[in-house]
Amino acid sequence: MKFAVLQFPGSNSDQDCVYTVRLCGHQAELRWHKDTSIGDVDAVLVPGGFSYGDYLRTGAIARFSPIMQSVQAFAAEGGLVLGICNGFQILCEAGLLPGALIRNRSLQFRCEPVHLKTATHDSAFTGEIPEGKLLQVPIAHGEGCYFADAETLASLKANNQILWQYANAQGELTEDANPNGSLENIAGICNERRNVAGLMPHPERASEVLMGGLADGKLIFDSMIAALEKRTQPAAA
Amino acid sequence: MKAKIIITPKKAVLDPQGKTVESALAHMGYQGVQGVHVGKYIEIDLADGDRDATRKQIDDACHKFLSNPVIEDYHLELE
């Protein structure tokens with residue numbers, strides 16, 4: 001499988017995303033923000049960082065970059081797109097995901113490991129995560145408080161679009177375990193069509209045991225790869 | 001011509017900056033503060049031209065780019 005990893009001025013997790021895809025045994029190529037086409041790829045990763053200095057609002061300027069027009073078209077055709085941290089913010093600004101990410105309730109930049117409960121395994125981003133497993137991955141953000149109006153939140157729940165929620169080590173969705181004040185402890189969601197997802201934590205920074213601790217984040221990449229492989233297999237007769 | 005745009009968080013949206021400033025004002029002894037909302041102010045210098053067309057254009061920019069309608073309201077003035 002081939003992944004395109006976008007690169008904006010201010011991206012800082014782009015190389016980590018490329019590294020992780022290659023670690024999974026697949027191909028990854030960088031795409032500069034001024035490129036007009038993502039090319040012939042199977043999936044797109046929108047990495048973390050501070051695109052365009054986070055000026056105006058996080059992701060507000062990046063969403064209008066030339067490469068994002070191609071990502072919009074790719075997503076409209078059903079292509080898999082995952083936004084991580086700033087990438088999640090960009091996808092929300094672009095209207096590819098509902099809601100918005102606002103300043104952390106504490107006003108602090110939070111940089112720490114968190115536990116994630118997978119709310120549904122019915123997605124191309126969570127399919128390979130074992131039932132009941134809590135993921136331990138780091139966060140690093142100042143604007144990760146997920147907000148959506150009541151109507152949007154109700155439709156997220158009704159359509160099973162909440163993918164990950166911040167939990168404590170016992171898997172309980174407590175207020176203490178919520179690092180940024182997100183509604184419903186939301187850490188990540190997908191769109192209604194289930195081909196575009198975003199999350200604030202950094203799975204690519206927790207994909208190799210050698211780099212400290214667990215490799216839980218890799219399960220999200222494994223899920224995408226398994227979903228893509230399933231797509232390319234002919235349907236069973 | 002000049003466009004003056006004030007962007008504020010929607011009432012339903014958590015505004016931790018506003019809350020922090022509000023409690024700081026109370027700590028400093030300022031009386032009667034019932035709410036604080038922290039937003040942004042943007043000034044755009046514009047070539048002179050048709051006022052209505054300019055307003056329409058800047059209004060479009062406010063809606064699409066300068067504010068995020070999911071979380072913010074804006075107020076536009078031309079002078």
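What you see is a predicted model; the values in this text were computed from it and never measured. (Residues numbered from 1 in each chain as written. Chains lettered and ligands numbered in written order. Predicted model: local features only at pLDDT ≥ 70, side-chain atom pairs only at ≥ 80, totals over all residues. Heavy atoms only, no water.)

**Comments concerning the overall build of chain B**
Working step 1: When helices and strands are counted, chain B shows two helices and three strands.
Working step 2: Starting at the N terminus, the α and β elements of chain B follow one another as β-α-β-α-β.
Working step 3: Across the 79 residues that make up chain B, the buried fraction comes to 28%.
Working step 4: Contacts in chain B between residues far apart in sequence, at least 24 positions, make up 71% of those at least 6 positions apart.
Working step 5: Both charge centroids of chain B, one from 10 positive and one from 13 negative side chains, sit 3 Å from each other. (Helix = DSSP H or I, 4+ residues; strand = E, 2+ residues; numbered from the N terminus. Buried < 20%, exposed > 50% of the residue type's maximum accessible area, 1.4 Å probe, protein only. Contact = heavy atoms within 4.5 Å. Lys, Arg positive; Asp, Glu negative; His and termini not counted. Charge placed at Lys NZ, Arg CZ, Asp CG, Glu CD.)

**Brief notes about the environment of Gln27 of chain A**
Residue and element names in this part refer to chain A.
Working step 1: Structurally, Gln27 is set in strand S2 (residues 27–32).
Working step 2: In this structure, the C-alpha to C-alpha distance between Gln27 and Gln69, residues 42 residues apart in sequence, is 23 Å.
Working step 3: Apart from residues no more than four positions distant in its own chain, Gln27 is found in contact with Met1, Lys2, Phe3 and Val21.

**Brief notes about the interface of chain A and chain B**
Working step 1: Taken residue by residue, the interface counts 16 residues in chain A and 16 residues in chain B.
Working step 2: Counting the surface lost from both chain A and chain B, the interface buries some 1,300 Å², and carbon and sulfur atoms represent 71% of this.
Working step 3: Looking at the side of chain A facing chain B, the largest losses of area belong to Leu56, Arg57 and Phe147 of chain A, adding up to 40% of the total buried there.
Working step 4: On the surface where chain A and chain B come into contact, there are one salt bridge.
Working step 5: Between Arg57 of chain A and Glu72 of chain B there is a salt bridge, with its nearest N and O atoms 3.8 Å apart.
Working step 6: If you list the elements that add at least two residues to the side of chain A that touches chain B, you get strand S5 (100–102) and strand S8 (145–147) of chain A.
Working step 7: For the side of chain A that touches chain B, the residue count by class is nine nonpolar, two polar and five charged. (Buried area = accessible area lost by both parts, 1.4 Å probe. Salt bridge = Lys/Arg side-chain N within 4 Å of Asp/Glu carboxyl O. Nonpolar A, V, L, I, M, F, W, Y, C, P; charged D, E, K, R; others polar.)

**Quick look at the nonpolar core**
Working step 1: Residues Val44 and Trp164 of chain A are the most contacted members of the largest nonpolar core, which totals 67 residues.
Working step 2: The element best represented in this core is helix H5 (residues 218–232) of chain A, accounting for seven residues.
Working step 3: Those residues in contact with Val44 of chain A that lie beyond four places of it in its chain are Ala4, Leu6, Ile38, Val71, Phe74, Leu80, Val81 and Leu82 of chain A.
Working step 4: Met1, Leu66, Leu76 and Leu78 of chain B belong to the second largest nonpolar core, which has 10 residues in total. (Core = buried A, V, L, I, M, F, W, Y, C linked by side-chain atoms within 4.5 Å.)

**Some thoughts on the packing of aromatic side chains**
Working step 1: According to the stated counting rule, one finds four aromatic pairs over all chains in the structure shown.
Working step 2: Here Phe64 of chain A and Phe65 of chain B contribute two aromatic rings whose centre-to-centre distance is 5.4 Å and whose plane-to-plane angle is 90°, an arrangement assigned as edge-to-face. Separated into two different chains, Phe64 of chain A in the loop between strand S3 (43–46) and helix H2 (66–76) and Phe65 of chain B in helix H2 (residues 51–66) make up a pair that spans both.
Working step 3: Judged by its relative accessible area of 27%, Phe65 of chain B falls in the partly exposed class.
Working step 4: Across the ring face of Phe64 of chain A, the terminal group of Arg63 of chain A is positioned such that the distance to the ring centre comes to 4.2 Å. (Phe/Tyr/Trp six-rings, centres within 6.5 Å; stacked < 30°, edge-to-face > 60°. Lys NZ or Arg CZ within 6 Å of the ring centre and 35° of its normal.)

**Re the pairing of strand S10 (residues 186–190) of chain A**
Residues and elements named next belong to chain A.
Working step 1: Counting buried positions along S10 gives five out of five residues, so the element sits mostly inside the fold.
Working step 2: In this sheet, S10 lies alongside strand S9 (residues 162–167) in antiparallel orientation, the contact comprising three bridges. In the sheet register, Gln165 faces S10, and the bridge partner there is Ile186.
Working step 3: Two strands pair when backbone bridges link them, and S10 and strand S11 (residues 196–199) are joined in this way by three bridges, in the antiparallel orientation. For Gly188, the partnering residue across the bridge sits in S11 and is Leu199.
Working step 4: Connecting S10 to the next strand, S11, in antiparallel fashion are five residues, including Arg194 with a positive phi near 70°. (Pairing = 2+ DSSP bridges.)

**What to know about the side chain of Asn185 of chain A**
All names here are of chain A.
Working step 1: Inspection of the secondary structure assignment puts Asn185 in the loop between S9 and S10.
Working step 2: A residue is classified by how much of its surface remains accessible, and Asn185, at 9% relative accessible area, is buried.
Working step 3: The contact partners of Asn185, leaving out residues within four places of it in the chain, are Trp164, Gln165, Tyr166, Leu173, Thr174 and Asn178.

**Digging into the pattern of salt bridges**
Close approach of charged atoms allows side chains with opposite charge to pair.
Working step 1: A full pass over the atoms with the stated rule returns 19 salt bridges over all chains.
Working step 2: For Lys133 of chain A, the salt bridge is made with Asp216 of chain A, and the minimal N-O distance between the two is 3.4 Å. Here Asp216 of chain A lies in the loop between S11 and H5 and Lys133 of chain A lies in the loop between strand S6 (110–118) and strand S7 (134–141), a separation of 83 residues in the sequence.
Working step 3: Glu43 of chain B is paired through a salt bridge with Lys2 of chain B; the nearest N and O atoms lie 3.6 Å apart. Taken together, the residues Glu43 of chain B in strand S2 (residues 40–45) and Lys2 of chain B in strand S1 (residues 2–9) connect sequence positions 41 residues apart.

**Considerations on the sheet that holds S3 of chain A**
All names here are of chain A.
Working step 1: With mixed pairing, nine strands are arranged side by side in an open sheet as S2-S1-S3-S4-S11-S10-S9-S6-S7. Pairing within the sheet leaves two strands with one partner each, and these edge strands are S2 and S7. Neighbour-to-neighbour, the strand axes of this sheet turn through a mean angle of 25°, independent of strand direction.
Working step 2: With three bridges connecting them, strand S1 (residues 2–7) and S3 associate as parallel partners. Bridging across to S3, Ala4 finds its partner in Val44.
Working step 3: Its contacts with the sheet put H5 on S1, S3, strand S4 (80–84), S7, S9 and S11, and the angle it makes with S4 is roughly 170°. (Axes fitted to C-alpha atoms, helices over the stretch in contact; angles between N-to-C directions.)

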